[in-house]
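# Structure at a glance
In case you want the letters, here they are:
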Amino acid sequence: MTSNLYHETYRPQFHFSPRQNWTNDPNGLVYYKGEYHLFFQHNPFGIDWGNMTWGHAISPDLVHWQQLPNALEPDSLGTIFSGSAVVDWRNTAGFQSGDDEVLVAIYTAAGNTSEASQGQPFTQCIAYSNDRGRTWTKYAGNPVLGHIVKENRDPKVVWHAPTSQWIMALYKDAETYAFFASPDLKAWTHLHDIDVPGCTECPDFFEMPILDHRDNGSPDMRWVFTSANGRYLVGSFDGHRFIPETGPHQVDFGANYYAVQSYSDIPPHDGRRIQIAWMAGGKYPDMPFNQQMSFPCELTLHRSPIGLRLCRTPVREIEQLHARAHVWRELALQPGSNPLSAIRGDLFDIRIEFEPADATEINFTVRGETMTYAVDGKTLKTLTSLGKSAPLDLDDGRIKLQILVDRSSLEVFANDGKVSMTSCFLPQPDDLSLSLTAAGGTARIHTLDVYELNTAWR
Ligand code: FRU
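In short, a report on the structure. (Residues numbered from 1 in each chain as written. Predicted model: local features only at pLDDT ≥ 70, side-chain atom pairs only at ≥ 80, totals over all residues. Heavy atoms only, no water.)

Along its length, the protein chain carries zero helices and 32 strands. Rg of the C-alpha trace for the protein chain: 22 Å, near the compact-globule value of 23 Å for 458 residues, within the 12% margin. Per-residue burial over the protein chain gives 58% buried out of 458 residues. The contacts in the protein chain between residues at least 6 apart in sequence include a share of 60% that link residues at least 24 apart. For the protein chain, the computed accessible surface area is about 17,900 Å², with 47% contributed by carbon and sulfur atoms. Separation of charge centres in the protein chain, based on 37 positive and 54 negative side chains, amounts to 2 Å. (Helix = DSSP H or I, 4+ residues; strand = E, 2+ residues; numbered from the N terminus. Rg over C-alpha atoms; globule rule 2.2 N^0.38 Å. Buried < 20%, exposed > 50% of the residue type's maximum accessible area, 1.4 Å probe, protein only. Contact = heavy atoms within 4.5 Å. Areas by Shrake-Rupley, 256 points an atom, 1.4 Å probe, with all protein chains shown as cover. Lys, Arg positive; Asp, Glu negative; His and termini not counted. Charge placed at Lys NZ, Arg CZ, Asp CG, Glu CD.)

Here we come to the site of the ligand. Near the ligand lie 13 residues; those nearest to it are Asp25, Gln41, Arg153, Asp154 and Glu201. Within the side chain of aspartate 25, one N or O atom sits 2.8 Å away from an oxygen atom of the ligand. Tryptophan 49 is positioned with one of its side-chain polar atoms (N or O) 2.9 Å from an oxygen atom of the ligand. For the ligand, whose accessible area on its own is 320 Å², the fraction buried by protein is 91%. Sorting the residues of the shell around the ligand by element identifies strand S1 (21–32), strand S5 (79–88) and strand S9 (153–160) as the ones contributing at least two each. Residue composition of the shell around the ligand, grouped by class: six nonpolar, three polar and four charged. (Near = heavy atom within 4 Å. Polar contact = N/O pair within 3.5 Å; in protein donor to acceptor, adjacent residues only side chain to side chain. Nonpolar A, V, L, I, M, F, W, Y, C, P; charged D, E, K, R; others polar.)

Moving on to the sheet that holds strand S10 (residues 165–173). Across the sheet, which stays open at both edges, the four strands sit in the order S9-S10-S11-S12 with antiparallel pairing between neighbours. The strands lining the two open edges of the sheet, one partner per strand, are S9 and strand S12 (189–195). Across the sheet, the mean angle separating the axes of adjacent strands is 25° when strand polarity is ignored. (Pairing = 2+ DSSP bridges. Axes fitted to C-alpha atoms, helices over the stretch in contact; angles between N-to-C directions.)

Below, the discussion takes up unusual backbone geometry. Looking along the chain, the bond that leaves asparagine 142 and enters proline 143 is cis, with omega of 0°. Assignment of secondary structure puts proline 143 in the loop between strand S8 (137–138) and S9. In this chain, glycine 247 is followed by proline 248 through a cis amide linkage whose omega measures 0°. Structurally, proline 248 can be placed in strand S16 (residues 242–249). Even without a glycine there, the phi angle at tyrosine 6 is positive, about 75°. As for its placement among the helices and strands, tyrosine 6 is situated in the segment before S1. Of the residues examined, tyrosine 6 reaches a relative accessible area of 12% and is grouped as buried. The backbone phi angle of lysine 33 is positive, close to 45°, even though this residue is not glycine. Position of lysine 33 relative to the elements: it lies in the loop between S1 and strand S2 (35–43).

Here it is in structure tokens:
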């Protein structure tokens, strides 16, 4: 390995990517004692998918990551497919041996995907760690949930306090998922199945408050179900049955947003619902690694004129990387002018608030890739990024954008996260240009802040 490690041409500078070889889904996202754990689908032996193993990284702040030795390796039950992790605060499984609480991982043993597991089906298994995730022991009684159908997989487990039990959401097949309950993470009882149109793989299931809405002083809570592609349902859950009241809806419209999962056990005084996606499908020519994670985002639930909707914004910890700021206020952006023409770079956090006014298009071009906000008459307003488009209305007459630029990705967040677009790109290495232009007339820029970013790889 060379000293250039983590500084290669297309190496993300503030997104997680493995030191080398393949990754796909984020797995086992759990916070414990000052560490955000990120396990990830990993092929330790190749640049492409295979030999599924849980790789492992930790971070104190969701920005700086340190890769640790692999956590879970294939065995005779199968290779290790996606799943989740929890802190077993009450030691319900009886695995705790020291003073630290025990971490429990719940994963799919993908039978018949390796020599050693020939003829085995896909089952759900658990493993535990008594040393803050550094070493893992697979439970001797695995699998804890036997085969149901086809390649059933991707268990996501959450504690349901009112009924004092664990709840598992599991992907079955086609567009069908199932819910199970357990007192101890070992014995699971089927609750019910649910069909979610347009959704496959990687369920997530969590409770969150409707922001700014209080019923008799206590927050009005809902349960949110998400699938791998981020499509989500919002509803109620009483420990036995999930009853959706709206959805499926979509918050991210980008080309590379998949296998989303949110953190378990974020402390109540923080209270955020933090989600990471695999930026599926990025290209990384001649790199020692293949694929990367999205920047961690906070999900919030809002009551809007069209119903309950999620918003998705980057976690504030990005500000730790802010370096030089370029700031504009109350700027009339005329066609033909580019206020960003003097700026060069490949790492930015760009924030803008504007009124289109007479302009029909506002264009941001980052290293040759153009993102456009287009106003076509009164009704059609769209945000386009790397070939994908999303409807985006003005909020009080304005559009607010935050754009995170890394070496191989562009993530756009519009109007406080009502729409996000998670995309990979492959810029020309020597093109470090930025531009902001208006077309069709003059736009009114109220605020424009371009932060150059430091690398997270120190
Ligand atoms: C989603 C997925 C999961 C599976 C894993 C295997 O990308 O197909 O359903 O567990 O990847 O790597």
